[in-house]
Amino acid sequence: MTDQPPKNPEPSGVDLARVALRAAKEQARARGAVAQQKKQARRGGLRSGARADGRDPLPLGAAINRLITERGWEAPAAVGGVMGRWPQMVGPEVAQHCEPQRYDEDARVLTVRCDSTAWATQLRLLAPQLVARLNADLGQGTVRLIKVLGPGGPPRRYGPLRSPGSTGPGDTYG
């Protein structure tokens, strides 16, 4: 039989001293933090110092990003960015004839109005590719459907003679 050293030797005097020193440092750090908090409470709260803390001013972009994240506005903000970049997303020719109107976050539907029925038909044919492109840019599932509206006509007038401020035929028979 050979004499093998034990696999887990007992800590020697130097190792015990290191463990005790580490524990003492952690306790001192904890006592110091508690004492510092008590001291700040007596002085009337936190004081400014040379180091950065949570009260320092933020750059505008970082403050807006933090606000968007805290409020859960990531998807609407991303879709709003797409509305600003619409010509780059669909191309200048399509963007000249079709423009995004609104985004319904609950239904995840983007509504687009076209200036002619021909362009509305063309956009309806391109809708699946546009949904895929938007989801690739914004994140999967952000846009489920593109609702395409044709051109809107002028408001209907129900007769050649109108009195100023009237709301239509219903206001006469009250």
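Just so it is clear, the structure is predicted and the values come from calculations on it, not from any experiment. Residues take numbers from 1 onward in each chain, read along the sequence in its written order. Selection of residues for local features in this predicted model requires a pLDDT of at least 70, selection of side-chain atom pairs for listing and counting requires 80 or more, and totals for whole chains, interfaces and linings are taken over all residues. For the side-chain quantities, the full set of heavy atoms in the structure was used; hydrogens and water were omitted.

**Regarding unusual backbone geometry**
Trans peptide bonds make up most of the peptide bonds, and negative phi angles are found at most residues other than glycine. Operational definition: Only DSSP runs of H or I reaching four residues or more are called helices, and only runs of E reaching two or more are called strands; each is numbered from the N terminus.
Unusually for a residue other than glycine, R108 sits at a positive phi of about 55 degrees. Inspection of the secondary structure puts R108 in the loop between β1 (98-104) and β2 (109-114).

**Considerations on the pairing of β2**
The condition that has to hold: Each residue is placed in one exposure class: buried if its accessible area under a 1.4 Å probe, protein chains only, is under 20% of its type's maximum, exposed if it is over 50%, and partly exposed if it falls in between. Two strands form a pair only when DSSP identifies at least two bridges running between them.
Burial of β2 is extensive: five of the six residues sit out of reach of the surface. When β1 meets β2, the two strands line up antiparallel, connected through six bridges. Bridging from a neighbouring strand, D104 pairs with V109 of β2. Hairpin connection, β1 to β2: the antiparallel pair is bridged by four residues, and R108 has positive phi, about 55 degrees. In the sheet, β2 pairs with strand β3 (residues 145-149) via five bridges, with the strands oriented parallel. Its bridge partner being in β3, V109 is matched across the sheet by L145.

**Some remarks on helix α6 (residues 117-138)**
The criterion, for reference: Here the bend at each residue means the angle between axes fitted to two seven-residue stretches, the one ending at that residue and the one beginning there.
A bend of about 55 degrees at L126 is the largest found in α6, and the proline P128 appears one to four places after it. For α6, the full list of buried residues reads W119, A120, L123, A127, L130, V131, L134, N135 and L138. G139, located one to two residues past α6, shows a positive phi value of around 120 degrees.

**What about the nonpolar core?**
Here is the rule: Among the buried residues, those of types Ala, Val, Leu, Ile, Met, Phe, Trp, Tyr and Cys that are joined through side-chain atoms within 4.5 Å form a nonpolar core. The contact criterion used throughout is that any non-hydrogen atoms of two residues lie within 4.5 Å.
By size, the foremost hydrophobic cluster in this structure holds 23 residues, and its most contacted members are L110, L123, L134, V143 and I146. Elements represented by at least two residues in this core include exactly α3 (74-84), α4 (86-90), α5 (92-97), β1, β2, α6 and β3. A total of eight residues in this core trace back to one element, the largest contributor, which is α6. Among all residues touching L134, those that are not within four sequence positions of it are V82, M89, L110, G139, V143 and I146.

**Looking at the pattern of salt bridges**
Here is the rule: For this analysis, a salt bridge means a side-chain nitrogen from Lys or Arg found within 4 Å of a carboxyl oxygen belonging to Asp or Glu.
Scanning all chains against the criterion turns up two salt bridges. In this structure, the salt-bridge partner of E70 is R66, at a minimum N-O distance of 3.4 Å. In this pair, E70 and R66 are both assigned in helix α2 (residues 60-71), four residues apart and thus about one turn of the helix distant. The partner of D137 in a salt bridge is R85, and the shortest N-O contact between them spans 2.7 Å. With D137 in helix α6 and R85 in the loop between α3 and α4, this pair connects stretches of sequence that are 52 residues apart. For D137, a relative accessible area of 38% corresponds to the partly exposed category.

**With respect to the sheet that holds β3**
To keep things clear, this is the line we draw: Angles here are taken between N-to-C directions and fall from 0 to 180 degrees, while the axes themselves are lines fitted to C-alpha atoms, restricted in helices to the stretch in contact.
Ordered in space as β1-β2-β3, the three strands form an open sheet in which the pairing is mixed. What marks the edges here is a single partner per strand, and that holds for β1 and β3. Neighbour to neighbour, the strand axes of the sheet diverge by 25 degrees on average, direction disregarded. Across the sheet, α6 lies against β1, β2 and β3, angled at about 160 degrees from β3, the strand it touches most.

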